[in-house]
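# Fold and contact review
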Amino acid sequence: MATLTLDAVRKSYGDREVVHGVSCAVADGELVVVVGPSGCGKSTLLRMVAGLETVTAGTVAIDGRVVNGIEPKDRDIAMVFQNYALYPHMSVFDNMAYGLRMRGMPRAEIKARVDRAADILQLDGLLQRKPRQLSGGQRQRVAMGRAIVRDPKVFLFDEPLSNLDAKLRVQMRVEIKRLQQELGTTSLYVTHDQVEAMTLADRLIVMNQGNVDQIGQPLDLYENPATAFVAGFIGSPAMNLVPGRLENGGAEIDGAMLPLAGLGSAETGRRVLVGMRPEHLELAAEGPVKVEVQLLERLGADTILHGRLGGNGTILTARGAGTLAPALGERLNFAIRPEHIHLFDPESGRRL
């Protein structure tokens with residue numbers, strides 16, 4: 001097993017810097033997920049770890065050894081791609097064994113490693129099939145099997161589930177988590193899907209425009225987002241972020257006064273972004289947050305309500321019970337507990 005350490009890693013293409021001094025450490029056996037929107041630099045970061053992109057500045061170290069100038073094949077990593085990258089003319093067995101053959105490994109050991117990986121991934125009866133004879137989920141299992149047989153120090157996953165349908169993605173998330181826990185291999189996983197990130201990660205790295213906004217355990221980021229970006233990106237449905245102003249120990253949004261007890265004091269009149277998660281808004285006859293219902297999403301156990309806040313036109317989202325069934329245009333009142341209110345600076349986006 002191994003550790004993975006990034007120290008002030010930067011990447012530039014000409015005069016344009018796309019990764020701005022990322023530092024983080026992945027512990028032995030830990031699964032760290034890098035999450036963020038398209039174009040934030042997460043895949044570029046992963047490719048620098050793999051050696052597929054050069055590092056402009058900073059260092060990448062695997063098990064304490066700086067690997068900046070080392071070829072990908074000599075870094076002792078294995079990568080699982082979004083598009084599977086299987087050889088279409090080879091059987092499942094040969095796809096999984098190919099890298100080991102190139103390294104000159106004895107046939108008996110190759111067979112033992114492939115058989116073990118096939119058993120772990122439930123591919124035993126598929127070893128003689130070609131990729132075209134497999135489902136998307138089975139192809140992704142083969143791609144993971146090819147990584148497992150190498151017994152690398154570090155697994156790198158580049159959006160491996162993006163090509164699968166919703167049901168298969170859920171199944172494969174369970175498989176990847178089980179597999180990583182069973183093997184205990186240090187892993188760096190890239191995705192734009194925050195649900196995937198929350199369910200898989202031991203820790204999350206949230207990237208925004210080439211910068212790291214926050215690193216921490218999934219629930220820490222959910223409960224205490226460091227920036228408005230993290231607050232809006234982590235959680236589904238996304239956190240409501242409403243312009244407001246601090247007044248008399250509370251936060252005023254569109255004429256509604258929200259209490260801020262226990263959240264610290266700040267100067268009266270200061271402009272803020274008020275963050276409220278949809279699941280923390282509670283129906284209340286005398287609640288200060290008044291919403292005109294615009295749209296309902298009926299999900300069975302839950303109902304997602306989208307409505308217009310007061311007179312300023314801001315759209316607010318609330319999550320309620322599946323039995324919630326107001327008429328469109330109906331006005332509802334919501335309340336929120338002080339400990340569930342988040343405040344951010346509207347200029348910098350940093351948490352107050």
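Summarised in this report is the structure supplied together with it.

Calculation notes
Residues numbered from 1 in each chain as written. Predicted model: local features only at pLDDT ≥ 70, side-chain atom pairs only at ≥ 80, totals over all residues. Heavy atoms only, no water. Helix = DSSP H or I, 4+ residues; strand = E, 2+ residues; numbered from the N terminus. Buried < 20%, exposed > 50% of the residue type's maximum accessible area, 1.4 Å probe, protein only. Contact = heavy atoms within 4.5 Å. Areas by Shrake-Rupley, 256 points an atom, 1.4 Å probe, with all protein chains shown as cover. Lys, Arg positive; Asp, Glu negative; His and termini not counted. Charge placed at Lys NZ, Arg CZ, Asp CG, Glu CD. Disulfide = S-S within 2.5 Å. Pairing = 2+ DSSP bridges. Phe/Tyr/Trp six-rings, centres within 6.5 Å; stacked < 30°, edge-to-face > 60°. Expected span 1.5 Å × (residues − 1).

Take the overall build of the protein chain next. Within the protein chain, the secondary structure is distributed over 8 helices and 20 strands. By its C-alpha atoms, the protein chain is 75 × 45 × 35 Å across when sized along the principal axes. Relative to its 352 residues, the protein chain shows a buried fraction of 49%. Once local pairs closer than 6 in sequence are excluded, the contacts in the protein chain between residues at least 24 apart make up 67%. Of the roughly 16100 Å² of accessible surface on the protein chain, 49% is carried by carbon and sulfur atoms. Averaging the locations of the 40 positively and 41 negatively charged side chains of the protein chain gives two centres separated by 7 Å.

On to the state of the cysteines. For the coordinates displayed, the defined rule picks out 0 disulfides. Counting only cysteine sulfurs, Cys 40 is the nearest neighbor of Cys 24, a cysteine outside any disulfide, at a range of 13 Å. For Cys 24, a relative accessible area of 11% gives the class buried. According to the relative accessible area criterion, Cys 40 is buried, its value standing at 2%.

Attention now goes to the sheet that holds strand 17 (residues 302-309). Strands sit in the order 15-19-16-17-18 across an open sheet of 5 strands; the sheet is antiparallel. Each edge of the open sheet carries a strand with a single partner, namely strand 15 (282-283) and strand 18 (315-321). For strand 17 and strand 18, the ladder comprises 7 bridges, and the chain directions are antiparallel. Of the residues in strand 18, the one forming a bridge with Leu 305 is Ala 318.

Turning our eyes to something else, we now look at the packing of aromatic side chains. Working definition: an aromatic ring pair is given by the centre-to-centre distance plus the angle between the planes. One pass over the structure, following the stated rule, counts 4 aromatic pairs. Taken together, a centroid distance of 5.9 Å and an interplanar angle of 65° make the contact between Phe 155 and Phe 157 edge-to-face. Residues Phe 155 and Phe 157 agree in their burial class; the two are buried. Ring centres of Phe 229 and Phe 233 lie 5.7 Å apart, and the angle between their planes is 15°; on these two criteria the pair is classed as stacked. Of this pair, Phe 229 and Phe 233 are both found in helix 8 (residues 228-233), 4 residues apart, which corresponds to roughly one turn of the helix. Residue Phe 233 is classed as buried on the basis of its relative accessible area, which comes to 17%. The structure contains a cluster of three or more aromatic residues connected by ring pairs, namely Phe 155, Phe 157 and Tyr 189.

Below, the discussion takes up helix 4 (residues 136-149). In an α-helix, one full turn covers 3.6 residues, which means residues spaced three or four apart are oriented alike. Its 14 residues place the ends of helix 4 20 Å apart at the C-alpha level, agreeing with the 20 Å of an ideal helix rising 1.5 Å per residue. Of all 14 residues making up helix 4, 11 are buried, and the element is well covered by its neighbours. Inspection of helix 4 places Gly 137, Gln 140, Arg 141, Val 142, Ala 143, Met 144, Gly 145, Arg 146, Ala 147, Ile 148 and Val 149 among the buried residues, and these make up the whole buried set. Here the buried face of helix 4 lies against strand 6 (77-80), helix 2 (92-102), helix 3 (107-120), strand 7 (154-158) and helix 5 (166-183). Positive phi shows up at Asp 151, right after helix 4, with a value of about 50°.

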